[in-house]
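# Report on the structure
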Amino acid sequence: MTSLATTGLARPHRWLRAHPYAADAVLAVAVLTIVLLGAYVGPHAAAHRPGPSYVLLSLCACAGLVLRRPMPRAVLAFTCALTILETVTSGDDPPHTQIALAAVVALYTVAARTDRPTAWRIAAVTVAVLTGTVMFFGVRPWYAQENLGLFAWTGMAAAAGDAVRSRRAFIAAIEERAERAERTREEEARRRVAEERLRIARELHDVVAHHIALVNVQAGVASHIMDSRPDQAKEALAHVREASRSALGELRATVGLLRQHGDPEAPTEPAPGLGVLDQLVDGFARVGLRVDIAAASTLPHGPATATGAAGAAGLVGPLPAAVDLAAYRVLQEALTNVHKHAGPGARAEVALLRAPDSLLLTVLDDGAGRTALATAEAPAGRDVGGLGLIGMRERAAALGGTCEAGPRDLGAPGFRVRASLPVRSATGA
């Protein structure tokens, strides 16, 4: 099919769509031309030439088509009235039913711009009135060709208008679905970007907060004893170097996730988990934080209790990767906060409870400094919440679990962090 662009009609078509009154005026002139040609050039034109009244009625009927879009029903009633007037006042001469073409165009407009039930009711009344009038006052017999022709034209106009209305509704529904799908894709893309940014920020915070806290403490120790005890200062600097090397390694692995496909040096190290819990505890032990670990299990096979980092990791056993990483990060952040806020000489207690469908982690400290922090930052009965605590809650919530942080019960000094991570749901996910 030849498009409007290839036929050179694209620009006039766009102009007519932008100026509906001009388009309807052109249509009115075209209909008037057809009506007059049919009356004056037809096979019966010589014997029954129409008079000036017919020309005036035709001009009025076609002029009304200019308003067919804003007032479709009024234009239909106006053109039908003029058609009936021409038919009734024709006298002994047969009526010139060509004027009914204006009513046909108006009926098409009503059917195309009105809901289907209303359009068909109006069409039925219009067809009955026009064809009944022509059959009664027009050419004899009532089933003459001209009478049946008017019946056919009015019926086809109603059907064509209904078809156009249905097509427009179908196209509008398709466009609406496409727009809704596009909005949904954009919202989904924004949601995924926000989740990825949150995940990256959480990983970077966990890595930086933990290792930089250790580096800060060891650097302060080295600066303090550099002159009096150089051997211990060198040992502290060695711990600084080791902690910074570990931080750089984890940062490199985290940032490596942002590389595009095909970039070199993609991270190959596994994500940390409870299997390296002993290394985490040793890092805090080197900066003076004592960490006691105990684990219990309600699994049907294996030991029921264990102590120490290695024993606790063995008792908990293998976990889904997401749960293993979340448990490690929660313990890392909780112990980092103990080291930063619990005060000198504080001690941390870590308890792990492995159930068939969950893992419960509890971190307690006995530092008075932490109690002051909790009182200052949280109203009574409310959890405190820095970025680290928010990150712990988000990690647990991402797996369908919970994480609570706040002062210890019964007024005991210190702070408590408790996280419950489901295992079965995470495995299925």
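A brief structural summary. (Residues numbered from 1 in each chain as written. Predicted model: local features only at pLDDT ≥ 70, side-chain atom pairs only at ≥ 80, totals over all residues. Heavy atoms only, no water.)

Below, the discussion takes up the sheet that holds strand β3 (residues 347-355). Whenever strands of a sheet pair, they do so through backbone hydrogen bonds, lying parallel or antiparallel. Strand order in this open sheet of six strands is β2-β1-β3-β4-β6-β5, and the pairing throughout is mixed. Two strands close off the open sheet at either side, each with one partner strand: β2 (305-307) and β5 (402-407). Looking at each pair of strands side by side, their axes are set apart by 10 degrees on average, direction ignored. Packing of helix α11 (residues 309-316) onto the sheet brings it into contact with β1 (290-297), β2, β3 and β4 (358-365), and relative to β2 it is tilted by some 150 degrees. (Pairing = 2+ DSSP bridges. Helix = DSSP H or I, 4+ residues; strand = E, 2+ residues; numbered from the N terminus. Axes fitted to C-alpha atoms, helices over the stretch in contact; angles between N-to-C directions. Contact = heavy atoms within 4.5 Å.)

So, on to the pattern of salt bridges. Think of it this way: side chains of opposite charge can pair up when their charged atoms draw near. Summed over all chains, the structure comprises twelve salt bridges. A salt bridge links R180 to E176; the shortest N-O distance between them is 2.5 Å. A residue pair is termed a helical-turn pair when its members lie 3 or 4 positions apart in one helix, as R180 and E176 do in helix α8 (residues 145-225) at four residues. Using a relative accessible area of 37% as the deciding quantity, one classes R180 as partly exposed. Assessed through its relative accessible area of 37%, E176 is described here as partly exposed. The salt bridge partner of E349 is R347, with a shortest N-O separation of 2.9 Å. Overall, E349 belongs to the partly exposed group, its relative accessible area being 31%. Looking at R347, the relative accessible area reads 26%, which means it is partly exposed. Here the salt bridges do not stand alone but share partners, grouping E188, R191, R192 and E195 into one network. (Salt bridge = Lys/Arg side-chain N within 4 Å of Asp/Glu carboxyl O. Buried < 20%, exposed > 50% of the residue type's maximum accessible area, 1.4 Å probe, protein only.)

Together, W15, L16 and V26 make up a nonpolar patch on the protein surface, roughly 290 Å² of accessible area in all. If you trace the backbone, W15 turns up in helix α2 (residues 10-18). The partly exposed category is assigned to W15, whose relative accessible area is 46%. (Patch = residues over 30% accessible without salt bridge, like charges linked within 9 Å, V, L, I, M, F, W, Y side chains within 5 Å. Areas by Shrake-Rupley, 256 points an atom, 1.4 Å probe, with all protein chains shown as cover.)

Relative to each other, helix α4 (residues 52-63) and helix α5 (residues 72-88) sit at 170 degrees, their axes nearing to 9 Å. Taken together, the axes of α4 and α5 are roughly antiparallel relative to one another. For the pair α4 and α5, the crossing hand works out as left-handed. Residue-level inspection shows Y54, L57, C60 and A61 of α4 in contact with α5, the latter providing F78, T79, L82, L85 and E86. Taken together, the residues of the contact of α4 with α5 sort by class into seven nonpolar, one polar and one charged. (Parallel < 35°, antiparallel > 145°, perpendicular 65-115°, else oblique. Left-handed = near helix turned anticlockwise from the far one by under 90°. Nonpolar A, V, L, I, M, F, W, Y, C, P; charged D, E, K, R; others polar.)

Below, the discussion takes up the packing of helix α3 (residues 20-41) against α4. Each packed pair of helices is defined by two parameters, the angle between the axes and the distance between the axes. Contact geometry of α3 with α4 gives a least axis separation of 9 Å together with a crossing angle of 155 degrees. Classified by the angle between their axes, α3 and α4 sit roughly antiparallel to one another. Crossing of α3 against α4: the hand is right-handed. Of α4, the residues touching α3 (which contributes A28, V31, L32, V35, L36, A39 and Y40) are Y54, V55, S58, L59 and C62.

If you look at the biggest cluster of nonpolar residues, it comprises 48 residues, and the most contacted ones within it are V291, L331 and L352. A total of nine residues in this core trace back to one element, the largest contributor, which is helix α12 (residues 321-341). Judged by nonpolar contacts, the second largest core, of 30 residues, contains L76, V104, L107 and V134. (Core = buried A, V, L, I, M, F, W, Y, C linked by side-chain atoms within 4.5 Å.)

The next point concerns the pairing of β4. Within β4, six of the eight residues are buried, leaving the element largely enclosed by the surrounding structure. Pairing geometry for β3 and β4, over eight bridges, is antiparallel. Directly across from E349, in β4, lies its bridge partner L364. Counting the residues between successive antiparallel strands, the hairpin from β3 to β4 contains two residues. The pairing of β4 with strand β6 (residues 415-422) spans seven bridges and is classified as antiparallel. Note on β6: the bridge partner recorded for T362 is R418.

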